[in-house]
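The primary structure of each chain is shown beneath.
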Amino acid sequence: MTTDAAMTELITLIKRAHALGTIGELLAWDEQVNLPPGGAEQRATQQAALAAAHHAAASDPRIGELLAALEGRQGLDLAGASTGQPPGRPDSDARPAVVPQLDDDQQAVVAQARRDYDRATKLPADFVREKAAQGSRGYHAWARARATDDFASYAPVLEKNLELARREAAYLGFGGAPYDCMLDKHDPGLTASVVDRLFGELKRELVPLVREITASPAAARAVAAAEKLCGFPLDGQRAFLREVTEAIGFDYSRGRIDVSLHPFCSGTGSDVRMTTRYKEHQPLDALFSSIHETGHGLYEQGLPAAHLGTALGIHAGMAVHESQSRLWENQVARSLGFWRCFEPRWRERFPAQTAGVNADELYLAVNAVEPTVIRVDADEVTYNLHIVLRFELEKQLFAGALAVRDLPAAWRAASRELLGLEPASDREGVLQDVHWSDGSFGYFPSYCLGNMIAAQLWYRVLALRPAIEEEFARGDFSWLLGWLRENVHAHGRRFSAMELVRRVTGDTLSPRPLVRYLRERYGGLDRE
Ligand code: ZN
């Protein structure tokens, strides 16, 4: 068998497993968008059956044989492969190690396939089924608990999810550091100590910066301006956000947007599913959450289609994914240039609702900073503190330093410390996020890391294209999208988030560009 034949067979097998994974994503999308309430148990059964099929495909022993051969360890004889041992030296194994000549792309594919195969084979099939069914039930338990503000009914679900997470970490060899396992799942190679260092530096800069910004005269005017925006018909909002997301480059022939309780983006390649939610008196909410999800969608649509499912055609991890959504949502859509393009179209669509708001007020409203207890309602400055809060609580939960029953009180205390606000209910506190309901621990940090990466990418963009906002003002976002396609999307998962940032920006990841960006944008609001 030649190396090329082994690669071809390996890729066929991992693409098949990936395809089954995408069906699971589609079922999960459907569950949050279309599923009648009575269908929850049935859907849990479907998800569990599919998860078992996915697990069987991903742990196919043939993948293990091909990987071992391609890694030059043992097994199949690959014709044309060179021996990795100097001639005449005894090998510790019975069989000579053979190192096939793999190019960089093949090495990336093999490394990712090894990671996936190890995850699949180290997790018992029973465990995978149990976790999938629990994830589906957990979501519905969370939705009910949130609706009725009843944390006590949700606590056993969280306990169970934590127990499953610890078991998963132990299976995967992270027994001593289960939280690192959770982080690594979303961002390969990421550890709690790295996040601790980056968040520590950010928190030191950000807490005083938030005080400075919220004390400025512009902040009060911005909040007042945002409050003037009310009574925006949902149909008009839907049409306007479609116009905006299409203009920045989302291809609706390969994706769609629907309504769900919690906005998200799933799917990949030529079928990207985004969701949003509409509020009549907060029209910027659906708009910005849609632009955010569009950033995710553009990334998925920009991954090399021919390599879908292999390391060359999947995203580089959630931190990079979030950098794409944040960059479009914040650096682009909160800029003056962006609104020079879209303000006239917005006024045209909502003449009565916008009559009492001048251009300056609109720009202020778009950039209003006001601490809130709800993460998804937070402005881009205080948002990061919401993430620090969740990171610190997750760390304590996994260290056994915090019990689930004490979570609501710990949440309120952390909210007071970081945001200066205490949620009035658990519904506005510990129950506000969907993530923990299906066991997605370790996901939150990627939001804030994404903000850091977005700011660092943005300064690279400005160095290359100082007048890019002029292009935005003309409604032209093509250079930026092309640059992201070439420098981020096209690489798939060839590099870790840290390595990608270094390659594209020439610097290691740091919170400093984010702090600089926030100072420049929010310092610039006091123009009068
Ligand atoms: Zn996101």
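Not measured: the values here are computed from a predicted model.

About the criteria used
Residues numbered from 1 in each chain as written. Predicted model: local features only at pLDDT ≥ 70, side-chain atom pairs only at ≥ 80, totals over all residues. Heavy atoms only, no water. 1 Å grid on protein atoms, 1.4 Å probe; cavity = no way out; pocket = protein on both sides within 12 Å on 5 of 7 lines; lining within 4 Å. Points joined across faces, edges and corners; volume = space filled by probe spheres on them. Helix = DSSP H or I, 4+ residues; strand = E, 2+ residues; numbered from the N terminus. Donors = N, O, S within 2.8 Å, 3.2 Å for Na, K, Ca; no water. Tetrahedral: all angles 85-135°; square planar, octahedral: opposite > 155°, others 65-115°. Expected span 1.5 Å × (residues − 1). Buried < 20%, exposed > 50% of the residue type's maximum accessible area, 1.4 Å probe, protein only. Phe/Tyr/Trp six-rings, centres within 6.5 Å; stacked < 30°, edge-to-face > 60°. Lys NZ or Arg CZ within 6 Å of the ring centre and 35° of its normal. Domains from an automatic or database assignment. Contact = heavy atoms within 4.5 Å. Buried area = accessible area lost by both parts, 1.4 Å probe. Polar contact = N/O pair within 3.5 Å; in protein donor to acceptor, adjacent residues only side chain to side chain. Nonpolar A, V, L, I, M, F, W, Y, C, P; charged D, E, K, R; others polar. Axes fitted to C-alpha atoms, helices over the stretch in contact; angles between N-to-C directions. Parallel < 35°, antiparallel > 145°, perpendicular 65-115°, else oblique. Left-handed = near helix turned anticlockwise from the far one by under 90°. Bend = angle between axes of the 7 residues up to and from the residue.

Our next topic: empty space enclosed by the protein. Enumeration according to the criterion identifies 5 cavities of 30 Å³ or more in this entry. Each pocket or cavity is described by its volume, and for the largest cavity that value is around 70 Å³. Lining the largest cavity are F232, Q237, F240, L241, Y278, P283, L284, A286, L287, W346 and F350. Put simply, the parts of the chain that give the lining of the largest cavity at least two residues each are α10 (234–247) and α11 (283–302). For the lining of the largest cavity, the element with the highest residue contribution is α11, accounting for 4 residues.

Looking at the zinc ion, the protein donor atoms are H292 (NE2), H296 (NE2), E322 (OE) and E322 (OE), and they sit 2.1 to 2.5 Å from it. Taken together, the 4 donor atoms coordinating the zinc ion and their angles of 54 to 146° define a geometry best described as irregular. In the primary structure, the donors to the zinc ion are separated according to the pattern H-x3-H-x25-E. Here H292 is found in helix α11, whereas its partner E322 is found in helix α12 (residues 318–332), with 30 residues between them in sequence.

Now for α11. For α11, spanning 20 residues, the distance from its first C-alpha to its last is 29 Å, which sits close to the expected 28 Å at 1.5 Å a residue. Counting buried positions over the 20 residues of α11 gives 20, a clear majority of the element.

Moving on, we come to the environment of A111. If you trace the backbone, A111 turns up in helix α4 (residues 104–122). Once the C-alpha coordinates of A111 and E71 are considered, the two residues, 40 residues apart in sequence, prove to be 8.9 Å apart.

Throughout the structure, instances matching the rule amount to 27 aromatic pairs. Taken together, a centroid distance of 5.3 Å and an interplanar angle of 75° make the contact between F199 and F391 edge-to-face. With F199 in helix α8 (residues 192–215) and F391 in helix α16 (residues 383–399), this residue pair connects regions lying 192 residues apart in the sequence. Assigned by exposure class, F199 and F391 land together as buried. Here the aromatic residues Y179, F199, Y383, F391, F398, W411, W436, F441, Y443, F444 and Y447 are joined through ring pairs into a cluster of three or more. Over the ring of Y278 we find R238, and its NZ or CZ is 5.1 Å from the ring centre. A cation sits over an aromatic face here: R516 above Y459, 3.8 Å from the ring centre.

Quick look at the domain arrangement of the protein chain now. Domains assigned within the protein chain are domain 1 (3–174) and domain 2 (192–527). Taking only C-alpha atoms, the centre of domain 1 and the centre of domain 2 are 29 Å apart. If you look at the interface, domain 1 gives 36 residues, while domain 2 gives 43 residues. Of the roughly 3,300 Å² buried where domain 1 meets domain 2, counting both sides, 64% is carbon and sulfur surface. Considering only the surface of domain 1 that becomes buried against domain 2, W29, R146 and F151 emerge as the three largest contributors, covering 21% of it. Put simply, domain 1 and domain 2 have 13 residue pairs in polar contact (both at pLDDT 80 or more) between them. Only α1 (3–33), α4, α5 (125–148) and α6 (151–171) provide two or more residues apiece to the side of domain 1 that touches domain 2. Looking at the side of domain 1 that touches domain 2 residue by residue, the classes come out as 18 nonpolar, 8 polar and 10 charged.

The contact between helix α2 (residues 40–58) and α5 brings their axes to 8 Å, and the two run at 150°. Between α2 and α5, the interaxial angle falls into the category roughly antiparallel. The chirality of how α2 crosses α5 is right-handed. Only A125, V128, R129, A132, A133, S136, R137 and H140 of α5 make contact with α2, whose side of the interface consists of A40, E41, A44, Q47, A48, A51, A52 and H55. Residues of the contact of α2 with α5, tallied by class, amount to 9 nonpolar, 4 polar and 3 charged.

Now for α8. Taking 1.5 Å of rise per residue, the 24 residues of α8 would be expected to cover 34 Å, and the 33 Å separating its terminal C-alpha atoms lies within 8% of that figure. At K203, α8 is deflected by roughly 30°, the largest bend along its length. Elements that come into contact with the buried residues of α8 comprise α7 (178–186), α9 (217–227), α16, α18 (445–464), α21 (497–505) and α22 (512–523).

To continue, consider the packing of α12 against α18. Packing of α12 against α18 leaves a shortest axis separation of 7 Å and a crossing angle of 60°. One finds that α12 runs oblique with respect to α18. Where α12 crosses over α18, the handedness of that crossing is right-handed. Taking contact as the criterion, the partners of M318, A319, V320, E322, S323, Q324, R326, L327, N330, Q331 and V332 in α12 are, on α18, S446, Y447, L449, G450, N451, I453, A454, A455, L457 and W458.

We now examine the environment of S415. Locating S415 in the fold gives a position in helix α17 (residues 407–419). Dropping the residues within four chain positions of it, S415 is found in contact with V373, L389, G420, L421, E422 and P423.

The next thing to look at is unusual backbone geometry. Note on backbone geometry: most residues besides glycine have negative phi, and most peptide bonds are trans. The residue D149 is not glycine, and still its phi comes out positive at about 55°. Owing to a relative accessible area of 33%, D149 belongs among the partly exposed residues under this scheme.

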